[in-house]
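In case you want the letters, here they are:
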Number of protein chains: 2
Amino acid sequence: MDSIAYVNGDFVLLSEAKVSVLDRGFLFADGIYEVSAVLGGKLIDNDSHLARLERSVGEIKLPLPETVARIKEIQHELISRNQLKDGLVYIQVTRGADVGRDFAFPKGVKPTLMMFTSVKDIVNAASAKTGIGVITVPDIRWTRRDIKSVALLAQVLAKQAAAEAGAGEAWMIEDGGKVTEGGSSSAFILTKDDVLVTRENSSAILPGCTRKAVVKLAEERQLRVEERAFTIEEALRAKEAFITSASSFVQPVVKIDGELVADGKPGPVALRLREIYIEFARATGT
Amino acid sequence: MDSIAYVNGDFVLLSEAKVSVLDRGFLFADGIYEVSAVLGGKLIDNDSHLARLERSVGEIKLPLPETVARIKEIQHELISRNQLKDGLVYIQVTRGADVGRDFAFPKGVKPTLMMFTSVKDIVNAASAKTGIGVITVPDIRWTRRDIKSVALLAQVLAKQAAAEAGAGEAWMIEDGGKVTEGGSSSAFILTKDDVLVTRENSSAILPGCTRKAVVKLAEERQLRVEERAFTIEEALRAKEAFITSASSFVQPVVKIDGELVADGKPGPVALRLREIYIEFARATGT
């Protein structure tokens, strides 16, 4: 099923949307991306995603080719043209296509802006009811994981390993089993003392938008949250575990490397936080 | 000046050569590249580059969409169509364009093969006579630097920093000032005891094809070579320093972070190795 995408000012069929082979996104992974969820035709937590987009491009000195206001308009136009109810809007900005290939930034080249939508029924995902298994892989990424760049090969390999193991996500670990985050999600546990634990923001992880919203929603409901690293051992002793991301909201984790988390069923706090996030999303979508 | 490129079976103008926005090279940096030099219309050390291409794609389980023999044919056809005398042939293979965007490997998708040439007078580069300055930057890359992937954002930022400092290359350092390699080259020094030192191959660096050839040529001429890490302090106390790469052969380094290497002039061993490499290239080009 085809849809309409946006590439540098034009609305075109996604299946026919193209960029130059000299685009620096293609040659150098010299680009940034964002994904916002869509629920009932409305963008979820979108300002948070666009703020992170602005921060990421700033960190690699990549000027946005359009204003954030215009990018929002294009998001809405894509939702409208594709009659998108539930799904995702993807945004990618790259440093454009020069006439040749040089590592250093080109001069006088307009950055590329590419956007498309995809259909996804995030709310009714079966895996939210059953929970997912995760595997662990060494975190082999670069040291600036706070930048949401398209240099995603390490995450591709991590998530492929998860897929081959029949797992829904790969948790990346370093420094003696400390979890940094998932291949495309943030990692949480609920300790035996009912403390929600998720790694503190730093250059070691991406500052998750859904992570941030879930922490806020949890704290507003008097849940104790500690932002610190946790190990796989701690996760296996935890009451619950879950992941958050724009494309999955909150998903219970019931198995880590084949071992059950608690009784191997989605935990009540994870399921409740999922409901709370969906309520928040429905109430605040734009 | 336009030229002919190759994209998935077609020979097209480079300025009009395009790939899908869903190409995994563009979305995920899920691809591998190689660059071979061309001298007098002949490919230099090309088997070494194609062997590394095969190794790199193997490491990320990316099947080549054409045989190595066919890739060689396309290289020659591009040289011929573009009447290329001196320059480079660029090859990029990615995991192709799926109908959507999922991290895990797509099924039934043919990998993308893209190739183009560029004109470059490597032999007569002015910087080979004057030498270049390098700056140092922290090596922030992932831990699989032995894979020649297009996830090059760290190198882009390093080489942009070098360009802004008026330097010709950035040496990436870690573990207390130990040089890994340049943003797009291998790093060598010649110690006071006339020992050529370059870092040993491991996942910390790309196994340089030109590095390998230069080490072999040097050893054949009874130069002592030690493959081990060296620090910036050691480089500043060295008799000479230089870089090697397919696109620059051997280039003397005369300045590191603004400090002169020896008397700040290209060293005789670096210049001699450059000549020797050019002789080797002319004698063995294919």
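These numbers were taken from a predicted model, which means no experiment stands behind them. (Residues numbered from 1 in each chain as written. Chains lettered and ligands numbered in written order. Predicted model: local features only at pLDDT ≥ 70, side-chain atom pairs only at ≥ 80, totals over all residues. Heavy atoms only, no water.)

1. Considering the environment of serine 3 of chain A
Residue and element names in this part refer to chain A. Defined as follows: Numbering of helices and strands starts at the N terminus; helices are DSSP runs of H or I of at least 4 residues and strands are runs of E of at least 2. Burial status follows relative accessibility: with a 1.4 Å probe on protein chains alone, a residue under 20% of its type maximum counts as buried, one over 50% as exposed, and anything between as partly exposed.
Along the chain, the position of serine 3 falls in the segment before β1 (4–7). We classify serine 3 as buried; its relative accessible area is 12%. Considered as a pair, serine 3 and valine 119 are 116 residues apart in the sequence and their alpha carbons are 9.7 Å apart.

2. Overview of the sheet that holds strand β5 (residues 42–43) of chain A
Residue and element names in this part refer to chain A. For clarity, the cut-off: Pairing between strands is defined by DSSP: at least two bridges between them are needed.
Here 6 strands make up an open sheet; going across it, the order is β2-β1-β7-β6-β4-β5 and the pairing antiparallel. Looking at the sheet topology across the chains shown, the edges are occupied by β2 (10–13) and β5. With 2 bridges connecting them, strand β4 (residues 31–39) and β5 associate as antiparallel partners. Its bridge partner lying in β5, leucine 39 is registered against lysine 42.

3. Observations regarding the interface of chain A and chain B
Formally: Throughout, a contact is declared for two residues whenever any of their heavy atoms are within 4.5 Å. The buried area of a pairing is the accessible area, by a 1.4 Å probe, that goes missing from both parts when the two are put together, added over both. Criterion for a salt bridge: a side-chain nitrogen of Lys or Arg within 4 Å of a carboxyl oxygen of Asp or Glu. Here a polar contact is recorded for every N or O atom pair within 3.5 Å, except that within protein the pair must consist of a potential hydrogen donor and a potential acceptor, and residues adjacent in sequence are included only if both atoms are side-chain atoms. Only Asp, Glu, Lys and Arg are considered charged in this grouping, and only Ala, Val, Leu, Ile, Met, Phe, Trp, Tyr, Cys and Pro are considered nonpolar; every other residue, Gly among them, is considered polar.
Facing the 49 residues of chain A at the interface are 49 residues of chain B. Three residues, Phe26, Phe103 and Leu153 of chain A, lead the burial of chain A against chain B; their summed loss comes to 19% of the area buried on that side. Counting across the chain A and chain B interface gives 0 salt bridges. Run the count over chain A and chain B and you get 15 residue pairs in polar contact (both at pLDDT 80 or more). When residues of the side of chain A that touches chain B are traced back to their parent elements, those giving at least two are β3 (18–20), α1 (24–28), β4, β6 (87–94), β7 (112–119) and α5 (153–164) of chain A. The leading source of residues in the side of chain A that touches chain B is α5 of chain A, at 8 residues. Along the lines of polarity and charge, the residues of the side of chain A that touches chain B split into 30 nonpolar, 11 polar and 8 charged. Pairing of β3 of chain A with strand β3 (residues 18–20) of chain B, which is carried by 3 bridges, proceeds in the antiparallel orientation. Within β3 of chain B, the position partnered with lysine 18 of chain A by the bridge is serine 20 of chain B.

4. Structural notes on the environment of glutamine 155 of chain A
For glutamine 155 of chain A, the location among the structural elements is in helix α5. Assessed through its relative accessible area of 9%, glutamine 155 of chain A is described here as buried. As for glutamine 155 of chain A and isoleucine 140 of chain A, which are separated by 15 residues in sequence, their C-alpha atoms are 9.0 Å apart. Residues contacting glutamine 155 of chain A, with those up to four places away along its chain left out, are Arg141, Met172 and Gly183 of chain A together with Phe103 of chain B.

5. Comments concerning the relation of the copies chain A and chain B
In plain terms, the rule: For the least-squares superposition of copies, only C-alpha atoms count, and only for residues with pLDDT at least 70 in both.
Mapping chain A onto chain B calls for a rotation angle of 180° and an axial translation of 0.0 Å; the resulting RMSD is 0.0 Å. Between the two chains, the operation in question is that of a two-fold axis. Of the interface residues in chain A, 100% have counterparts in chain B that sit at the interface too, so the contact is made through matching surfaces.

6. A short note on the pattern of salt bridges
In total, this model carries 48 salt bridges over all chains according to the counting rule given. Residue arginine 141 of chain B is joined to aspartate 139 of chain B by a salt bridge in which the shortest nitrogen-to-oxygen separation is 2.8 Å. In this pair, the class of arginine 141 of chain B matches that of aspartate 139 of chain B, namely buried. Residue lysine 239 of chain B is joined to aspartate 194 of chain B by a salt bridge in which the shortest nitrogen-to-oxygen separation is 2.7 Å. Highlighted residues: lysine 239 of chain B in the loop between α7 (232–237) and β14 (240–245) and aspartate 194 of chain B in the loop between β11 (186–190) and β12 (195–198), separated in sequence by 45 residues. Here lysine 239 of chain B falls in the partly exposed class, since its relative accessible area comes to 37%. Note on aspartate 194 of chain B: relative accessible area 36%, which makes it partly exposed. Several salt bridges converge on common partners, so that one network encompasses Asp139, Arg141, Arg145, Glu174 and Glu181 of chain A.

7. A short note on the domain arrangement of chain A
All names here are of chain A. The condition is simple: Domain ranges listed in this record stem from an automatic or a database domain assignment.
Assigned domains within chain A: domain 1 (4–119) and domain 2 (127–284). The centre of domain 1, based on its C-alpha atoms, is set 26 Å off from the matching centre of domain 2. On the side of domain 2, 20 residues touch domain 1, which itself brings 20 residues to the contact. Per-residue buried area on domain 1 facing domain 2 is highest for Tyr33, Leu39 and Arg52; these three make up 33% of the total on that side.

8. Some thoughts on the packing of aromatic side chains
Residue and element names in this part refer to chain A. So the rule is basically this: Only Phe, Tyr and Trp rings take part, Trp by its six-membered ring, and two of them pair if their centres are within 6.5 Å. Stacked means planes under 30 degrees apart, edge-to-face means over 60, and tilted covers everything else.
Using the criterion set out here, one finds 16 aromatic pairs over all chains in the structure. Ring geometry for tryptophan 171 versus phenylalanine 230: centroids 5.9 Å apart, planes at 70°, classification edge-to-face. With tryptophan 171 in strand β9 (residues 169–174) and phenylalanine 230 in the loop between β13 (224–227) and α7 (232–236), the pair connects residues that are 59 residues apart, well separated along the chain. Its relative accessible area of 0% is what places tryptophan 171 among the buried residues.

9. Some thoughts on the layout of surface pockets
To keep things clear, this is the line we draw: Cavity: a set of points on a 1 Å grid over the protein atoms alone where a 1.4 Å probe fits but cannot get out. Pocket: an open set with protein on both sides within 12 Å along at least five of seven lines, its lining residues, like those of a cavity, having an atom within 4 Å of a point. Grid points are joined across faces, edges and corners, and a volume is the space filled by probe spheres set on the points.
Approximately 300 Å³ is the volume found for the second largest pocket. If you go around the second largest pocket, you meet 17 residues; those closest to its centre are Glu59 and Lys61 of chain A together with Leu157, Ala158 and Ala161 of chain B. Residue assignment for the lining of the second largest pocket shows that the elements contributing at least two residues are β8 (132–138) and α5 (153–164) of chain B. Among the elements that take part in the lining of the second largest pocket, α5 of chain B stands out by supplying 6 residues, more than any other. When its residues are assigned to classes, the lining of the second largest pocket shows 12 nonpolar, 1 polar and 4 charged.

10. Here's the deal with the pairing of β4 of chain A
Residues and elements named next belong to chain A. With 9 of 9 residues buried, β4 is to be regarded as a mostly interior element. By the alternation rule, side chains of β4 split into Gly31, Tyr33, Val35, Ala37 and Leu39 and Ile32, Glu34, Ser36 and Val38, which are all buried. Counted along the chain from β4 to the antiparallel partner β5, the turn is 2 residues long, and its residue glycine 40 has a positive phi close to 55°.

11. Considerations on the pairing of strand β4 (residues 31–39) of chain B
The pairing of β4 of chain B with strand β6 (residues 87–94) of chain B spans 8 bridges and is classified as antiparallel. Along β6 of chain B, the bridge assignment pairs glutamate 34 of chain B with isoleucine 91 of chain B.

12. Some words on the nonpolar core
Applied cut-off: The nonpolar core is taken to be a set of buried Ala, Val, Leu, Ile, Met, Phe, Trp, Tyr and Cys residues, with the residues joined through side-chain atoms within 4.5 Å.
One finds Val21, Met115 and Tyr277 of chain A together with Val21, Met115 and Tyr277 of chain B to be the most contacted residues of the largest nonpolar core, which totals 142 residues. Look past the residues within four positions of valine 21 of chain A in its chain and what remains in contact with it is Phe26 and Leu27 of chain A together with Val7, Leu14, Ala17, Lys18, Val19 and Met114 of chain B.

13. Focus on the side chain of glutamate 174 of chain B
Checked against the element boundaries, glutamate 174 of chain B lands in strand β9 (residues 169–174). Glutamate 174 of chain B sits in the buried class, given a relative accessible area of 18%.

14. Looking at unusual backbone geometry
Residues and elements named next belong to chain B. With a phi close to 55°, aspartate 45 is a non-glycine residue in the positive phi region. Structurally, aspartate 45 can be placed in the loop between β5 (42–43) and α2 (46–59). Unlike most non-glycine residues, glutamine 83 shows phi in positive territory, near 45°. Structurally, the position occupied by glutamine 83 is in the loop between α3 (68–81) and β6.

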